[in-house]
Number of protein chains: 2
Amino acid sequence: MQVIDRIKAQGGKIISFESFTGGLIAPDTDPGNPWRYKFTWNPRNVILAGQGTAKYLQQRKYRYIPYQQLFNRISKITVEGYGEFEGYANRDSLKYLETYGLEGVSTMLRGTLRNKGFCSAWNVLVQLGCCDDTYLMEGIEALTHREFIDSFLGAHANFAVEEKLCASFGLSSDGEEMKRLRWSGLFTSDRIGIHQGTPAQILEHILSKKWKLNAGDKDFIVMWHRFVYEKDGQSKEIKAQLAVTGTDEINTAMAKTVGLPLGIAARLLLEGRITSRGVVIPVTSEFYEPILQALQGLGIQLKEVEV
Amino acid sequence: MQVIDRIKAQGGKIISFESFTGGLIAPDTDPGNPWRYKFTWNPRNVILAGQGTAKYLQQRKYRYIPYQQLFNRISKITVEGYGEFEGYANRDSLKYLETYGLEGVSTMLRGTLRNKGFCSAWNVLVQLGCCDDTYLMEGIEALTHREFIDSFLGAHANFAVEEKLCASFGLSSDGEEMKRLRWSGLFTSDRIGIHQGTPAQILEHILSKKWKLNAGDKDFIVMWHRFVYEKDGQSKEIKAQLAVTGTDEINTAMAKTVGLPLGIAARLLLEGRITSRGVVIPVTSEFYEPILQALQGLGIQLKEVEV
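These figures come from a predicted structure and were not determined experimentally.

Draft legend 1. Molecular detail of the overall build of chain A. A count of helical and extended segments in chain A gives eleven helices and nine strands. Projected onto its principal axes, the C-alpha coordinates of chain A cover approximately 70 × 40 × 35 Å. In chain A, which comprises 307 residues, the share counted as buried stands at 50%. Counted over contacts in chain A with a minimum sequence separation of 6, partners at least 24 positions apart contribute 68%. Only carbon and sulfur atoms are counted for the fraction: they give 50% of the accessible area of chain A, which is about 14,400 Å². The averaged location of the 35 negative side-chain charges in chain A is 3 Å from the averaged location of its 36 positive side-chain charges.

Draft legend 2. Seen up close, the environment of Asp-28 of chain B. Locating Asp-28 of chain B in the fold gives a position in the loop between β1 (13-25) and α2 (43-48). It is 9.7 Å that separates the C-alpha atoms of Asp-28 of chain B and Asp-219 of chain B, two residues lying 191 residues apart in sequence.

Draft legend 3. Spotlight on the interface of chain B and chain A. If you look at the interface, chain B gives 30 residues, while chain A gives 30 residues. In total, chain B and chain A occlude about 2,600 Å² of area from one another, counting both sides; carbon and sulfur atoms represent 47% of this. The three residues of chain B that bury the most area against chain A are Arg-63, Tyr-64 and Glu-138 of chain B, which together make up 23% of that side's buried surface. Here Asp-150 of chain B ties to Arg-63 of chain A by a salt bridge, and the two come within 3.3 Å at their closest N and O atoms. Counting only elements with at least two residues in the side of chain B that touches chain A, the list comes to β2 (53-58), β3 (61-66), α3 (67-70), α5 (118-128) and α7 (161-169) of chain B. In terms of residue count, the dominant contributor to the side of chain B that touches chain A is β3 of chain B (five residues).

Draft legend 4. The pattern of salt bridges, seen in detail. The final tally for this structure, using the stated rule, is 28 salt bridges over all chains. As a salt-bridge pair, Glu-176 of chain B and Lys-179 of chain B come within 3.5 Å of each other at their nearest N and O atoms. With a gap of three residues between them, Glu-176 of chain B and Lys-179 of chain B both fall in helix α8 (residues 176-183), about one helical turn apart. For Glu-176 of chain B, a relative accessible area of 42% translates into the label partly exposed. For Lys-179 of chain B, a relative accessible area of 41% puts it in the partly exposed group. Through salt bridges with shared partners, one network takes in Asp-30, Lys-38 and Asp-217 of chain A.

Draft legend 5. How the structure looks around the relation of the copies chain B and chain A. Once turned by 180° and shifted 0.0 Å along the axis, chain B lies on chain A with an RMSD of 0.0 Å. This pairing of chains is accounted for by a two-fold axis. For chain B, the smallest separation between a C-alpha atom and the rotation axis is recorded for Gln-68 of chain B, amounting to 3.1 Å. Same-surface contact between copies: 100% of interface residues of chain B are shared with the interface of chain A.

Draft legend 6. Structural context of the pairing of strand β5 (residues 83-89) of chain B. All names here are of chain B. Counting buried positions over the seven residues of β5 gives five, a clear majority of the element. Two elements, strand β4 (residues 75-79) and β5, share five bridges in a ladder whose sense is antiparallel. Within β5, the position partnered with Ser-75 by the bridge is Gly-87. Where β4 folds back on β5, the antiparallel hairpin that results is connected by three residues, among which Gly-81 adopts a positive phi of roughly 90°. The pairing of β5 with strand β6 (residues 107-115) spans five bridges and is antiparallel. Across the sheet, residue Gly-87 finds its bridge partner in β6, namely Leu-113.

Draft legend 7. Region of interest: the packing of aromatic side chains. Considering all chains together, one arrives at 38 aromatic pairs over all chains under this definition. Residues Trp-35 of chain B and Phe-118 of chain B carry aromatic rings whose centres are separated by 5.3 Å and whose planes lie at 70° to one another, so their mutual orientation is edge-to-face. Of this pair, Trp-35 of chain B sits in the loop between β1 and α2 while Phe-118 of chain B sits in helix α5, and the two are 83 residues apart along the sequence. The same class applies to Trp-35 of chain B and to Phe-118 of chain B, which are both buried. Ring geometry for Tyr-96 of chain B against Tyr-100 of chain B: centres 5.5 Å apart, planes inclined by 40°, an arrangement best described as tilted. The buried category is assigned to Tyr-100 of chain B, whose relative accessible area is 17%. Aromatic rings pair up to connect Trp-35, Tyr-37, Phe-39, Phe-118, Trp-122 and Trp-211 of chain A into one cluster. Taking NZ or CZ as reference, Arg-114 of chain B lies 5.3 Å from the ring centre of Phe-118 of chain B, over its face.

Draft legend 8. Structural detail: the side chain of Thr-53 of chain B. Its place among the elements puts Thr-53 of chain B in strand β2. A relative accessible area of 6% places Thr-53 of chain B in the buried class. There is a polar contact of 2.8 Å between the side chain of Thr-53 of chain B and the side chain of Asp-132 of chain A. When residues no more than four places from it in sequence are discounted, the contact partners of Thr-53 of chain B are Asp-132 and Tyr-135 of chain A together with Tyr-64, Ile-65, Pro-66 and Arg-91 of chain B.

Draft legend 9. The arrangement of α5 of chain B in detail. Residue and element names in this part refer to chain B. Across the eleven residues of α5, ten count as buried, placing the element largely inside the fold. Listed in full, the buried residues belonging to α5 are Phe-118, Cys-119, Ala-121, Trp-122, Asn-123, Val-124, Leu-125, Val-126, Gln-127 and Leu-128. Note on α5: the residue one or two positions beyond its end, Gly-129, has a positive phi of about 100°.

Draft legend 10. Region of interest: helix α1 (residues 2-9) of chain A. All names here are of chain A. Buried residues of α1: Val-3, Ile-4 and Ile-7, and no others. End-on view of α1: buried residues confined to an arc of 100°, all on one side of the axis. Buried residues along α1 sit against β1 (13-25), β7 (219-231), β8 (234-245) and β9 (303-306). The positive-phi residue at the C-terminal boundary of α1 is Gly-11, with phi of around 85°.

Draft legend 11. Broad picture of the pairing of strand β3 (residues 61-66) of chain A. All names here are of chain A. In this structure, strand β2 (residues 53-58) lies alongside β3, joined through six bridges in antiparallel fashion. Bridge assignment links Lys-55 to a residue of β3, and that residue is Tyr-64. Remark: two residues form the turn of the hairpin made by β2 and β3, two consecutive strands paired antiparallel; Gln-59 in that turn has positive phi of roughly 50°.

Draft legend 12. Structural detail: unusual backbone geometry. Residues and elements named next belong to chain A. A positive phi angle is found at Arg-60, which is not glycine, with a value near 70°. By the secondary structure assignment, Arg-60 is in the loop between β2 and β3. Given a relative accessible area of 66%, Arg-60 falls into the exposed group.

Draft legend 13. Seen up close, the side chain of Asp-219 of chain B. Residue and element names in this part refer to chain B. Structurally, Asp-219 can be placed in strand β7 (residues 219-231). Lys-256 provides the closest opposite charge to the buried, salt-bridge-free Asp-219, at an N-O distance of 7.2 Å. Of note is the side chain of Asp-219, whose polar atom sits 2.5 Å from the backbone nitrogen of Ala-253. Ignoring anything within four residues of it in the chain, the contact list for Asp-219 reads Leu-24, Ile-25, Ala-26, Thr-40, Val-244, Thr-245, Gly-246, Thr-252, Ala-253 and Met-254.

How each quantity is defined
- Residues numbered from 1 in each chain as written.
- Chains lettered and ligands numbered in written order.
- Predicted model: local features only at pLDDT ≥ 70, side-chain atom pairs only at ≥ 80, totals over all residues.
- Heavy atoms only, no water.
- Helix = DSSP H or I, 4+ residues; strand = E, 2+ residues; numbered from the N terminus.
- Buried < 20%, exposed > 50% of the residue type's maximum accessible area, 1.4 Å probe, protein only.
- Contact = heavy atoms within 4.5 Å.
- Areas by Shrake-Rupley, 256 points an atom, 1.4 Å probe, with all protein chains shown as cover.
- Lys, Arg positive; Asp, Glu negative; His and termini not counted.
- Charge placed at Lys NZ, Arg CZ, Asp CG, Glu CD.
- Buried area = accessible area lost by both parts, 1.4 Å probe.
- Salt bridge = Lys/Arg side-chain N within 4 Å of Asp/Glu carboxyl O.
- Least-squares fit on C-alpha atoms with pLDDT ≥ 70 in both.
- Pairing = 2+ DSSP bridges.
- Phe/Tyr/Trp six-rings, centres within 6.5 Å; stacked < 30°, edge-to-face > 60°.
- Lys NZ or Arg CZ within 6 Å of the ring centre and 35° of its normal.
- Polar contact = N/O pair within 3.5 Å; in protein donor to acceptor, adjacent residues only side chain to side chain.
- Arc of directions from axis to C-beta.

Here it is, written out as C-alpha cells:
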C-alpha cells in the first residue's frame, strides 16, 4: 500500500500489480528434503491450497484457472539474492482490487511461491485426487501408505503402485516428481495410523511425518511485488521484495511476520497513535507507516528497486 | 435383478457386476456430428456429469477416480452388433451394493457409455474448467464463444485461442478433439447471448445450439451388463445387453425406457397385480417380471449371452 499510495501521490497511474508470497524453509534447513518445504502454516490449508478456481485480471481480461490446471500454470519469479521460485495463482485476486485501491488496473494477480520442482510433484497428488476433502474413504484402518496411493489408481495385477503412477502421469521412475513422492514415504508399507478420514486428512497425516519442523529447523518467508505504472507518458516499474528467515522452529519467520505487525499495532493503539476504531485493515498510512518503520528495527524490511 | 436373482436361486455366487448405460444418438442421425451425441437427458446434468469422485469396488479393493481423471480412465465396452463404446465410471457404485443384494462381491462398477472419441474431447472442456458450476463469470455480456474459451487460457498476445489450447493440452490442431470442439462452435466470434452464468451454464448454452434434437433425429439407448459368478467350483459369466432406438425427436428411446416401465407399473397397480405399498424400487420379481415381460411386447428386451 505504501508503494501504491506513493505512485498515486506522485501522479502515476498504476497499470499492473503482481504479488507473490511463500512460506518455505531456509536454504540451509533439512538439506535432504527435495520439496524444500515443510508445514510452517496451518497444514490443512496447505493440503487444500488452491481448491476452487483462481480468478485474476491480466491485460484487461478476466482469467480463470481451475484447480486441475493450477500447478501446471506456474510463473517463474526471480527474487534478487535468492534465485528462482515457482509462483501459482491464489484463489481470488479480484476481491483485492477495491481493498488495494486498484480499480481500473489492467493486471491484478496475487500468488503463492514455492521452491523449484514443488509444483509438478504436488500436481501429481492433486491429479490423483489425494487432496479431496469431500468424502470419507472406506476401510482405511487396514490401509498402508502405498495402498492409499494405490486406491486412486486402477487395478493392474502385474504392476506396482509406482509403475502405475508413472504410467498414468508420464513420470520417470527416477525423476524429480517420484523423488519427492518417495521421500515423503508415500510408497512405504507403514499403516496410515488413523481410523477415519478424507483423502486430504490422510495425506496431511502422512506428510506431517516428514513436513514437521524439527529442532533447529528454520523457516523462510519470501515476498515479491511488481508494480507497473505510467507517469508523464512513460511506463515505469517498481519491484519490492522481502525475505525473512526464522530464528528456530518456534520463533519462525511466519510467526514474526504475522505476529509482530499485530503486536506493533497493539502498542500503537495503547500509545494513542492509532485513532481508527472498529475492525480495520492496515491499508492506510496511519497503520503502515509506523508499523513498517518499527518492523525495520526488527530486521524486517521490504527492499525496493525502481526499473 | 432378474439375472442376479436367477444366479442366486441356482446356487451361484456372484463375484463381479459391471453395468454401463448410455443415452446417445442413433447411428444414422446427424451424420456430421463428430461427438455422436446430443442432449437426450437433462442438459445441465450432462454438463455436470461425473463431478465429485467416482467410487467403486474392483478385485476386493475400494477404488476412487477424481473428476480430473474420470474422462482419462475409460474402459472399452463392446456391445454385440453395435461395436465399441467408451465407458467411464459413475459417481458412486458402492451405494448400489445393498440395493442390488450384492454385498460381498469383489467388483462392483456402474458407468456411462459414450461413442468413441467423446471422452478425450469432453476431457478438454473438463480440464479447462468449462464445466465448473461454482462461480459466476465476470463481464460475460460482452464475451464471444472464443473469448469464453480464451478466459481459461493464459494471455499470450501472439497466439490464437486454438493454438494456446493445443499447446496447453498437447492436442493436434487437426486432431479428433479439436474437430469436435470446433464443430461445437466454441471458437466462433458469436456473442454468447446470456447476461449471467457459471462456466457450466455458459457451456450448456453454447452446446445447446448444436446438441438439440432436431426434427427427425433419433436417439439411442445402450446398456451392457456383465455378471461373473462361481457355481459348482467353476467361474461363469453372463452378459446382458439392451439397445433401443427412438422413433423420432419426441418419442425418444430415453422417453420410452424411462416412461414405459412406470406406465406399466401404474397399470399393474390398477389391476391389483402389484401389492407392495409405499415408495418402493422395482428390484423384486413382483415388479421386474411383469414389467420386463410387457416391455418385451413393446420391443424393449435385454439380450443375454452365457459365456
